[in-house]
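Spelled out, the chains give:
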Amino acid sequence: MKINCINNYNPNFKAKFIKNTTILKKDNNGEYKNTKVSIAEIDFKNYRDIRSLRNITNNWSNEYEKKYTYGMDYSTIIQNYVEMEKGYRENHCNGTVNNQFFIMTNQNSDFDNLRPQNALALAQIRTIDDSFVKLEYLQVNPKYKFEPNKERQIKHIGTNFLHDLTEIIPKPVELFSNNVAKPFYIKTGYKEDSFNKFTL
């Protein structure tokens with residue numbers, strides 16, 4: 001699959017809605033209920049999307065530093081790739097690498113104005129030659145990240161986001177995981193092929 005050259009690329013000028021899905025959110029009675037959320041694709045040429053993404057990563061990085069002393073926040077890396085993608089396509093018109101960027105949000109309309117406070121998760125997918133698909137990064141809002149023995153206001157963000165992404169993109173999907181995230185990917189159906197390498 002040849003990537004779209006920048007001159008031939010027709011931006012949507014807003015994040016492209018992909019589908020609705022659900023997560024579990026605790027109600028006023030302390031019970032978890034299915035709640036509708038949205039998955040959209042971020043447009044790397046849309047300055048509004050990039051501005052929103054910068055605000056998201058700034059907020060998440062600060063939250064991550066306050067809560068965790070291990071691992072890393074991948075949202076900043078995703079943001080950097082989004083901002084590099086325009087330049088990549090300008091200089092590699094005949095390339096076969098295609099990066100796509102997705103957001104899960106509890107925003108269900110007005111996708112030309114992504115609201116940072118509604119962002120639940122981000123992901124980057126890389127496709128090469130239509131034959132190799134890799135989940136480069138997936139980051140859940142640190143506010144809702146799983147922590148053992150701790151009640152959360154919202155659950156199943158990462159699980160449902162990953163499930164829906166694997167319905168959207170071609171298979172097989174490959175990823176590399178750190179030791180902390182291994183149980184998560186195994187639980188969602190990925191098989192470990194070799195050390196820290198998983199395939200669905």
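Everything below is about the structure shown above.
Residues numbered from 1 in each chain as written. Predicted model: local features only at pLDDT ≥ 70, side-chain atom pairs only at ≥ 80, totals over all residues. Heavy atoms only, no water.

To continue, consider the pattern of salt bridges. Under the definition given, this model contains eight salt bridges. Note that E167 is salt-bridged to K19, the shortest N-O span being 3.1 Å. One end of the pair, E167, is in helix α3 (residues 157-168); the other, K19, is in strand β1 (residues 16-26), and 148 residues separate them in sequence. The class of E167 is partly exposed, set by a relative accessible area of 48%. The class for K19 is partly exposed, based on a relative accessible area of 22%. For D110, the salt bridge goes to R115, with nearest N and O atoms at 3.7 Å. Exposure remark for D110: the relative accessible area of 37% places this residue in the partly exposed category. Through salt bridges that share partners, K19, D164 and E167 make up one connected network. (Salt bridge = Lys/Arg side-chain N within 4 Å of Asp/Glu carboxyl O. Helix = DSSP H or I, 4+ residues; strand = E, 2+ residues; numbered from the N terminus. Buried < 20%, exposed > 50% of the residue type's maximum accessible area, 1.4 Å probe, protein only.)

With 21 residues, helix α1 (residues 47-67) extends 30 Å between its outermost C-alpha atoms, agreeing within 8% with the 30 Å of an ideal straight helix rising 1.5 Å per residue. Turning to α1, its buried residues are D49, I50, S52, L53, I56, T57, W60, S61, E63 and Y64. End-on view of α1: buried residues confined to an arc of 165°, all on one side of the axis. Away from its buried face by more than 90 degrees, α1 exposes Y47, E65 and K66. (Expected span 1.5 Å × (residues − 1). Arc of directions from axis to C-beta.)

Let us look at the side chain of E136. Positionally, E136 belongs in strand β5 (residues 132-140). Beyond its immediate chain neighbours, meaning those up to four positions away, E136 contacts Q124 and R126. (Contact = heavy atoms within 4.5 Å.)

The next thing to look at is α3. For α3, with 12 residues, the first-to-last C-alpha span of 16 Å sits near the 16 Å given by 1.5 Å per residue. The set of residues buried in α3 consists of I157, G158, N160, F161, L162, D164, L165 and T166.

On to unusual backbone geometry. Of note in the backbone geometry, D110 takes a positive phi value of approximately 55° without being a glycine. Its place among the elements puts D110 in the loop between β3 (97-105) and β4 (119-128). One non-glycine residue, H156, lies in the positive phi region at around 70°. What makes H156 partly exposed here is its relative accessible area of 36%.

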